[in-house]
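Architecture and fold: a report
Okay, here's what each chain looks like letter by letter:
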Amino acid sequence: MKVTILGNCPPHAYKGLMQGSDREAAIKAVLESVDGKVSGMMFTRGAYDIVINAEVPDQADGMDLALAVRASGWINDLVVLEELDMKAALAAAKKAAGVYKLAG
């Protein structure tokens, strides 16, 4: 499953970066711990400090990853966006729309 991870770094994280903490290696290691892999990572300016494109085996592993990262305190405002199978989602939406009736 492909995911895009967005996050903001608290002040102590920047202090660690300035002291030489290799966050790219740490992020790759935590993804590999759930059999995932990083396909791209960048520090950014704007709404989020870091953007990571990655793959994880499934939704449960993605949630495990998010919990571990949140618990570490290294990232604030963590957002994990999962890639959707739009054909399957649209098929389900059309099926539901066919039976849903408005109230009243």
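Everything in this summary refers to the structure shown in the same document. Just so you know, the residues in each chain are numbered from 1, in the order the chain's sequence is written. Selection of residues for local features in this predicted model requires a pLDDT of at least 70, selection of side-chain atom pairs for listing and counting requires 80 or more, and totals for whole chains, interfaces and linings are taken over all residues. Hydrogens and water molecules were not included; the side-chain quantities draw on all heavy atoms of the structure.

Before going further, it helps to spend a moment on the sheet that holds strand β1 (residues 2–8). Strand order in the open sheet formed by four strands is β2-β3-β1-β4, with antiparallel pairing between adjacent strands. A strand with exactly one partner marks an edge of an open sheet, and here the two such strands are β2 (37–43) and β4 (76–82). Mean inter-strand twist for the sheet, computed between neighbouring axes without regard to direction, equals 15°. One requirement defines pairing of two strands: DSSP has to find at least two bridges between them. Helix and strand definitions here come from DSSP, where helices need a minimum of 4 consecutive H or I residues and strands a minimum of 2 consecutive E residues; each element is numbered from the N-terminal end. When β1 meets strand β3 (residues 50–55), the two strands line up antiparallel, connected through six bridges. Bridge pairing in β3 links V3 to A54. Helix axes are fitted only over the stretch in contact, all axes being lines through C-alpha atoms; the angle between N-to-C directions runs from 0 to 180 degrees.

Let us now look at unusual backbone geometry. Not every positive phi belongs to a glycine, and D35 is a case in point at roughly 60°. Tracing the sequence through the fold places D35 in the loop between α2 (23–33) and β2. Exposed residues in this analysis have more than 50% of their type's maximum accessible area, buried residues have under 20%, and partly exposed residues fall in between, with area computed by a 1.4 Å probe over protein chains only. D35 sits in the exposed class, given a relative accessible area of 66%. Not every positive phi belongs to a glycine, and D77 is a case in point at roughly 50°.

The next subject is the nonpolar core. Note on terminology: a nonpolar core comprises buried Ala, Val, Leu, Ile, Met, Phe, Trp, Tyr and Cys residues joined through side-chain atoms within 4.5 Å. L31, I52, W74 and I75 are the most contacted members of the largest nonpolar core, which has 17 residues in total. Not counting residues up to four positions away in its chain, the partners in contact with L31 are G36, K37, V38, I52, A54, E55, V56 and L65. In this description, contact between two residues means that some pair of their heavy atoms is separated by no more than 4.5 Å.

This part is about the packing of aromatic side chains. Here a pair means two rings of Phe, Tyr or Trp (six-membered ring of Trp) with centres within 6.5 Å. Their orientation is stacked below 30 degrees between planes, edge-to-face above 60, and tilted elsewhere. This structure, assessed with the given rule, holds zero aromatic pairs. Only when the NZ atom of a Lys or the CZ atom of an Arg is both within 6 Å of the ring centre and within 35 degrees of the ring normal do we say a charge sits over the ring. We note R23 situated over the ring of W74; from NZ or CZ to the ring centre the distance is 4.9 Å.

What counts as a salt bridge is simple: a side-chain nitrogen of Lys or Arg found within 4 Å of a carboxyl oxygen of Asp or Glu. Enumeration according to the criterion identifies one salt bridge in this entry. The partner of K28 in a salt bridge is E24, and the shortest N-O contact between them spans 3.5 Å. Here K28 pairs with E24, and both are found in helix α2, just four residues apart, close to one helical turn.

As far as function goes, none of this settles anything; it's purely spatial.
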